[in-house]
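Spelled out from the first residue to the last, the chains are:
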Amino acid sequence: MKRAFAFGDKTIEPAVRRVNDVRCVALIGSGTMGQGIALDLLVKTDCRLILLDVAAEALQRAAARIAEHVAQQVRDRRIRPEDGEALKARVTCTQDYAALKDADIVWEVATERAEIKAKIFDAVERAVDPDRLAAVFSNTSSHTTEELAVLFKSETLREKFLTVHGYFPFDRNRLIDVMKGKFASQETFLFGIVFADQLLEKAVVALPVDHHGYITDPLFQAMAAIISWDVKTGRDIVQIGGLWELFTANPFLVLDQTGHMPYTESSRHFGQALPAHDRLRALYQRDGKFYPEWIAGLEARGHGGAATAARRGFYAWSEDARPAPVGVFNPASGAYEPVGEISRQAFWSYYQAAENDRRAGKVRSAAALVHVACASDDGGRAFRRYALPLCLYALDMIQDGVATAGQINLSTRAGLRYKVGLIELMDALIAELTLEGVIELVRRARDENAEDPFLSEMLDLDGLAGPRKDRPHLLTELARLKVARFLEYGRAYQTPVGELDLAASRERKSPVYRAFYPDLKVVEPSTRDRVGAIVFNNPLRGNVFNRAVIDQLDHAWRRVLELHRAGRCGAVLFTAAGTGMRMLGADAREFNRGWFERPKGYVPLTEEEAAASSRNAVRLFRTIQRSPVATIGLFGEKWGGGAEFTYFLDLRYDVRASGFSFDSLTRESQWGPKNTYNQPELDYAILPGFGAVGELKRLGLGDSIVFEMFDQGLTADRAHQVGLSHAVFEDELEGLRRAFERARLMARDAPYSRALLKKELTRHTVGTACEACGQVTADEAVAAADSALAKETAETFNPAKNPYIRTGLLSLLDRGGKAPPMDYACSNGELPGWQYPTEKS
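Draft legend 1. Here's a closer look at the overall build of the protein. Of the regular secondary structure elements, the protein holds 33 helices and 26 strands. Relative to its length of 841 residues, the protein is compact, with a C-alpha radius of gyration of 28 Å against a globular reference of 28 Å. Residues classed as buried in the protein amount to 56% of the 841 residues present. Taking as baseline every contact in the protein between residues at least 6 positions apart, the subset at least 24 positions apart corresponds to 69%. Working note: accessible area of the protein is about 36,100 Å², and carbon and sulfur atoms make up 52% of it. Averaging the locations of the 107 positively and 112 negatively charged side chains of the protein gives two centres separated by 2 Å.

Quick look at the structure:
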């Protein structure tokens with residue numbers, strides 16, 4: 001939101017103040033990543049940017065990309081022309097290091113070669129103002145913080161140095177690593193975390209301990225490296241590399257899109273610098289080579305990916321604006337050949353797993369991966385040869401105290417875009433095979449690859465050979481601790497909500513779990529304020545309500561109730577991360593059964609699946625609403641279920657929203673105030689399944705306002721006028737300050753009185769008439785209404801009952817396509833609560 005807020009956390013208040021004082025950020029390196037970071041900083045901060053590069057041509061390309069990006073934003077009516085000019089005016093391109101004297105942050109985004117970094121850091125040290133400078137970051141992919149910090153002579157700069165690493169494409173990947181290392185002060189470490197979390201709006205993996213490549217980069221490097229030594233033909237690139245398509249994407253396709261140089265430079269550095277105990281070091285040290293000759297040959301010919309002049313790399317790429325692979329490199333012949341597909345006969349388990357997922361309405365599920373892991377075909381053998389060593393390596397990081405189970409799972413999901421996180425996969429294997437069965441699976445893989453000494457050592461569990469000699473694997477220790485899983489899972493959808501606390505488990509000699517929320521940020525209350533904060537923390541996806549968020553919120557609220565019972569929490573502030581504090585509704589991706597594919601169109605959920613989405617959310621929201629904890633929400637634009645959630649809170653504060661809105665009469669987009677309450681469900685032939693209508697009526701809004709909400713939406717000021725909103729703010733930070741203070745005052749209420757107040761409100765709304773008749777209690781009346789809502793939501797998603805759903809949802813599911821026009825005719829003569837008159841009637 002362009003400025004940071006502490007949410008009552010005293011430990012980060014100094015870092016928050018320092019982050020809010022940042023006025024200028026300098027980026028050294030204007031290549032692909034440098035440009036991506038610059039564009040993200042332009043959008044998410046008000047800082048002045050300095051782009052520094054020794055190559056004038058690189059600066060020209062960066063300036064051109066920024067200008068084109070801004071122009072496209074203007075053409076798309078996302079910003080006004082004057083806003084675009086203001087964005088460009090904040091950027092300075094230079095070859096002169098003297099410009100760094102004004103920088104509060106210097107972020108190096110250059111090569112992985114240490115000798116070049118040394119020259120850069122020497123120039124930085126001579127140019128910056130150490131008193132003004134808050135931090136120096138490096139976006140390195142393979143170095144540790146200590147390796148780079150020692151390049152500075154000044155202890156002051158060493159204390160202010162962090163490795164802060166984002167992922168391609170920077171503006172569309174929510175993961176970022178912040179690594180402290182040996183020299184950085186705790187003050188600098190917290191500054192980097194707050195900057196990455198609140199200004200860059202990323203999911204932060206904060207690593208106090210140095211590790212080459214953080215969590216994600218060593219895994220991604222290894223996905224390609226472990227296969228590369230076995231590649232003999234182009235078919236191998238497609239078929240063996242295709243193993244990773246069960247998780248995310250073929251790494252050779254990804255490397256062609258990002259460029260080969262970071263991969264080859266990181267491989268070179270890993271080969272030279274990985275410690276002796278690193279399970280994967282053999283991938284970068286074979287016969288004196290850091291990577292195979294065939295990759296070196298591509299590099300020598302300048303075939304470094306889709307962006308090169310030849311448009312060639314591991315694949316040959318089309319000349320289109322959006323290049324697509326049209327050939328694959330064959331190392332045996334040195335030529336490119338047709339890509340082809342993965343053999344169904346040899347890799348039948350891949351296809352069988354995909355079909356099982358299709359029938360179950362899932363996409364790249366854990367069950368599918370387990371199926372392949374145990375298969376006897378080439379697919380199963382590939383899984384055990386290439387994927388299992390990476391699973392063991394991930395657990396090494398937990399064992400060595402480098403990272404936690406939750407951090408590794410988040411890194412693989414968000415950074416590598418796995419559909420199933422690597423730790424979730426390990427849990428699924430344990431659930432299916434037992435812990436002893438997983439150990440036997442690894443030993444089966446070791447026996448299958450006994451002829452390959454490198455693979456045999458990577459698959460060692462007993463600490464008998466290789467880099468992990470005398471370090472028995474974590475799996476063998478977990479058997480003694482009776483640990484059956486690495487993650488804790490939610491009650492409604494069994495998605496991750498917690499992680500194994502290994503140190504505490506060792507101490508107690510039994511499993512201990514702590515909360516870990518990939519999509520929420522939860523700040524526990526201080527003793528003085530007694531105010532907790534729950535921040536919906538996935539702004540890249542608009543902070544949608546999906547199954548994972550429901551599980552995480554349910555788990556977090558149970559913790560709030562524990563704190564309330566202990567007298568430590570009296571109120572909770574809800575808000576959303578990201579500029580504009582947007583809250584979208586239910587995740588449209590979950591409206592379709594399985595993966596949405598344009599040729600297939602909408603695949604309906606079952607009625608039970610649709611009913612569960614309503615029932616689980618409303619049950620949770622109702623618990624929050626009725627609990628004796630005071631609640632207040634501060635949000636900007638709210639859509640669908642995001643708006644519905646706020647109706648269950650005690651108080652609603654709004655931040656005004658402005659931007660372009662399409663005027664359907666003039667057919668033009670006009671700049672002005674935007675609605676902050678939006679219920680668009682009727683446009684998509686669905687129902688507000690999180691209880692909008694009932695809650696709006698409970699809040700005292702008449703039918704006229706309810707229709708206005710659904711047919712027009714409400715601005716923040718209009719919502720305040722009709723009594724839905726309790727305060728309106730122009731500035732997000734001021735809104736947070738006021739909302740937190742109001743929560744602090746609400747937390748002073750006596751718990752008995754607030755609980756009784758909520759009980760009386762329930763009795764005098766939905767259940768009043770029914771209770772007066774003596775037929776049902778107020779609680780029973782509310783439960784019946786919620787049950788009816790779940791049933792009606794289920795029927796809405798059934799095309800046999802709602803014939804409009806197939807075309808209605810396409811505009812949500814298929815953003816890149818054009819939905820067919822809806823047939824508005826009512827062929828059966830009936831609608832819910834309505835029957836058309838017949839001639840007889």
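We are not done yet, so read on.
Draft legend 2. Just the pattern of salt bridges, in detail. Per the stated rule, a full pass over the model turns up 73 salt bridges. R514 is paired through a salt bridge with D501; the nearest N and O atoms lie 3.2 Å apart. Of this pair, R514 sits in strand β14 (residues 513-515) while D501 sits in the loop between β13 (496-500) and α22 (502-508); the two residues are 13 residues apart in sequence, bridging distant segments of the chain. Among the salt bridges present, the one from D650 reaches R754, with a minimum N-O distance of 3.0 Å. With D650 in the loop between α25 (641-647) and β20 (651-655) and R754 in helix α30 (residues 751-763), this residue pair connects regions lying 104 residues apart in the sequence. On the basis of relative accessible area, R754 is assigned to the buried category, the value being 12%. One network of salt bridges, in which partners are shared, links R279, D396, D400, R468 and R471.

Draft legend 3. Looking closely at the packing of aromatic side chains. On inspection of all chains with the given rule, the structure shows 36 aromatic pairs. Seen in terms of ring centroids, F5 and F7 are 5.0 Å apart; in terms of plane orientation they differ by 85 degrees. Their pairing is edge-to-face. Neither F5 nor F7 differs from the other in exposure class; each is buried. An aromatic cluster is built from F536, F545, W557, F574, F621, F635, F645, F648 and F690, whose rings are joined through pairwise contacts. Taking NZ or CZ as reference, R158 lies 5.3 Å from the ring centre of F183, over its face.

Draft legend 4. Molecular detail of unusual backbone geometry. Note the cis peptide between F168 and P169, where omega equals -15 degrees. The backbone phi angle of R417 is positive, close to 60 degrees, even though this residue is not glycine. Locating R417 in the fold gives a position in the loop between α17 (405-415) and α18 (422-433). The phi dihedral of R530 is positive, around 60 degrees, even though this residue is not glycine.

Draft legend 5. The arrangement of empty space enclosed by the protein in detail. In the structure shown here, the tally under the stated rule is four cavities of 30 Å³ or more. Taken as a whole, the largest cavity holds about 120 Å³ of empty space. If you go around the largest cavity, you meet 14 residues; those closest to its centre are M1, Q198, A576, A577 and G578. Those elements giving two or more residues to the lining of the largest cavity turn out to be α8 (186-199) and β17 (571-576). Residue classes in the lining of the largest cavity are distributed as seven nonpolar, three polar and four charged.

Draft legend 6. Seen up close, the pairing of β17. Counting buried positions along β17 gives six out of six residues, so the element sits mostly inside the fold. Neither face of β17 is exposed, since A571, L573 and T575 on one face and V572, F574 and A576 on the opposite face are all buried. Between strand β16 (residues 531-536) and its parallel partner β17, the chain crosses via helix α23 (residues 547-565), and the hand of that crossover is right-handed. Pairing of β17 with strand β18 (residues 630-635), which is carried by five bridges, proceeds in the parallel orientation. In the sheet register, V572 faces β18, and the bridge partner there is T631.

Draft legend 7. View of the sheet that holds β17. Pairing in this open sheet of six strands is mixed, and the strands run β15-β16-β17-β18-β20-β24 from one edge to the other. The open sheet has two edge strands, β15 (520-523) and β24 (727-729), and neither has a second partner. Here the strands of the sheet are splayed against their neighbours by 15 degrees on average, with no regard to which way each runs. With four bridges connecting them, β18 and β20 associate as parallel partners. Following the sheet pairing, F635 is matched in β20 by D654.

Draft legend 8. Main features of the sheet that holds strand β7 (residues 175-179). Ordered by their spatial adjacency, eight strands build an open sheet running β3-β2-β1-β4-β5-β6-β7-β8, and the pairing between neighbours is mixed. The outermost strands of the open sheet, each flanked by one partner alone, are β3 (91-94) and β8 (203-207). Averaged over neighbouring strand pairs, the angle between their axes works out to 20 degrees when direction is ignored. In the sheet, strand β2 (residues 48-52) pairs with β3 via four bridges, with the strands oriented parallel. Within the sheet, the bridge partner assigned to L52 lies in β3 and is T94.

Draft legend 9. Up close: the side chain of N173. Within the secondary structure layout, N173 lies in the loop between β6 (161-166) and β7. For N173, a relative accessible area of 2% puts it in the buried group. Here the side chain of N173 touches L175 through a polar contact of 3.1 Å, landing on its backbone nitrogen. A distance of 3.2 Å separates a polar side-chain atom of N173 from the backbone oxygen of G415.

Draft legend 10. Examining α23 more closely. Under the 1.5 Å per step criterion, the end-to-end length of α23 is 27 Å for 19 residues, consistent within 8% with the ideal 27 Å. What α23 keeps buried is the set V549, I550, D551, Q552, L553, D554, H555, A556, W557, V560, L563 and H564. Following α23 by one or two positions, G567 adopts a phi angle in the positive range, close to 80 degrees.

Draft legend 11. Spotlight on the environment of G702. Inspection of the secondary structure assignment puts G702 in the loop between α26 (692-698) and α27 (703-711). C-alpha of G702 to C-alpha of H371: the two residues are 331 residues apart in sequence and 55 Å apart in space.

Draft legend 12. Region of the structure containing the state of the cysteines. For the structure shown, the criterion picks out zero disulfides. C24 provides the cysteine sulfur closest to C47, a residue in no disulfide bond, and the two sulfurs are 7.8 Å apart. Residue C47 is classed as buried on the basis of its relative accessible area, which comes to 4%.

Draft legend 13. Representation of the pairing of β6 within the structure. Counting buried residues along β6, six of its six residues qualify, which places the element largely inside the surrounding structure. Neither face of β6 is open: one carries F161, T163 and H165, the other L162, V164 and G166, and all of them are buried. Where strand β5 (residues 135-138) meets β6, three bridges bridge the pair, whose relative direction is parallel. If you follow V136 over to β6, its bridge partner there is F161. Direction of pairing for β6 relative to β7: antiparallel, over a ladder of four bridges. Note on β7: the bridge partner recorded for V164 is V178.

Draft legend 14. Representation of the nonpolar core. Ranked by internal contacts, the top residues of the largest apolar core, which has 102 residues, are F247, F383, L475 and F486. Per-element tally for this core: the top contributor is helix α16 (residues 378-399), with 13 residues. With 54 residues, the next largest nonpolar core counts I534, M581, F621 and F635 among its residues.

Draft legend 15. Looking closely at the packing of helix α15 (residues 366-373) against α16. Axis separation between α15 and α16 bottoms out at 7 Å; the angle between their running directions is 100 degrees. Here α15 lies roughly perpendicular to α16, going by the angle between them. For the pair formed by α15 and α16, the contact residues are L369, V372 and A373 on the first element and G379, G380, F383 and R384 on the second. The class makeup of the residues in the contact of α15 with α16 is four nonpolar, two polar and one charged.

Cut-offs used in this document
Numbering of residues starts from 1 in each chain and follows the order in which that chain's sequence is written. Thresholds applied to this predicted model are a pLDDT of at least 70 for local features of residues and 80 or more for the giving and counting of side-chain atom pairs; totals over whole chains, interfaces and linings are not thresholded and use all residues. Excluded from the side-chain calculation are hydrogens and water; included are all heavy atoms of the structure. Think of it this way: any DSSP run of H or I at least four residues long counts as a helix, any run of E at least two long counts as a strand, and we number them from the N terminus. As a reference, a globule follows 2.2 Å times the number of residues to the power 0.38, and the radius of gyration itself is taken over C-alpha atoms. Burial classes: relative accessible area under 20% of the type maximum marks a residue as buried, over 50% as exposed, and values in between as partly exposed (1.4 Å probe, protein chains only). Every residue pair with non-hydrogen atoms within 4.5 Å of one another is taken to be in contact. With residues, only the protein chains shown are counted as cover, and all accessible areas are computed by Shrake-Rupley using a 1.4 Å probe. For the purpose of charge, His is not counted, nor are the chain termini; Lys and Arg are scored as positive and Asp and Glu as negative. The location of each charge is read from NZ of Lys, CZ of Arg, CG of Asp or CD of Glu. Whenever a carboxyl oxygen of Asp or Glu lies within 4 Å of a side-chain nitrogen of Lys or Arg, that contact is scored as a salt bridge. Aromatic rings from Phe, Tyr and Trp, taking only the six-membered ring of Trp, are treated as a pair when their centres fall within 6.5 Å; an angle between ring planes under 30 degrees marks them as stacked, one over 60 as edge-to-face, and anything in between as tilted. Only lysine NZ and arginine CZ atoms are considered, and such an atom sits over a ring when it is within 6 Å of the ring centre and within 35 degrees of the ring normal. Cavities and pockets were defined on a 1 Å grid built from protein atoms only: a cavity is a group of points that admits a 1.4 Å probe but offers it no way out, a pocket is an open group of points flanked by protein on both sides within 12 Å along at least five of seven lines, and a lining residue is one with an atom within 4 Å of any such point. Grid points are joined across faces, edges and corners, and a volume is the space filled by probe spheres set on the points. Gly falls in the polar group here, along with every residue not listed as nonpolar (Ala, Val, Leu, Ile, Met, Phe, Trp, Tyr, Cys, Pro) or charged (Asp, Glu, Lys, Arg). By the criterion used throughout, a crossover qualifies as right-handed when its path from the first strand across the helix to the second strand runs clockwise, the strands pointing away from the viewer. Note: two strands are recorded as paired if DSSP finds a minimum of 2 bridges between them. Axis angles are defined between N-to-C directions and span 0 to 180 degrees, where every axis is a line fitted to C-alpha atoms and, for a helix, only to the segment in contact. In the analysis that follows, any N or O atom pair within 3.5 Å is treated as a polar contact, provided that within protein one partner can donate a hydrogen and the other can accept it, and provided that, for residues neighboring in sequence, both atoms belong to side chains. The span expected for a helix works out to 1.5 Å for each residue beyond the first. Disulfides are defined in this document as cysteine sulfur pairs within 2.5 Å. By nonpolar core we mean a set of buried residues, namely Ala, Val, Leu, Ile, Met, Phe, Trp, Tyr and Cys, connected to one another through side-chain atoms within 4.5 Å. What sets the label is the angle itself: under 35 degrees gives roughly parallel, over 145 gives roughly antiparallel, 65 to 115 gives roughly perpendicular, and the rest give oblique.

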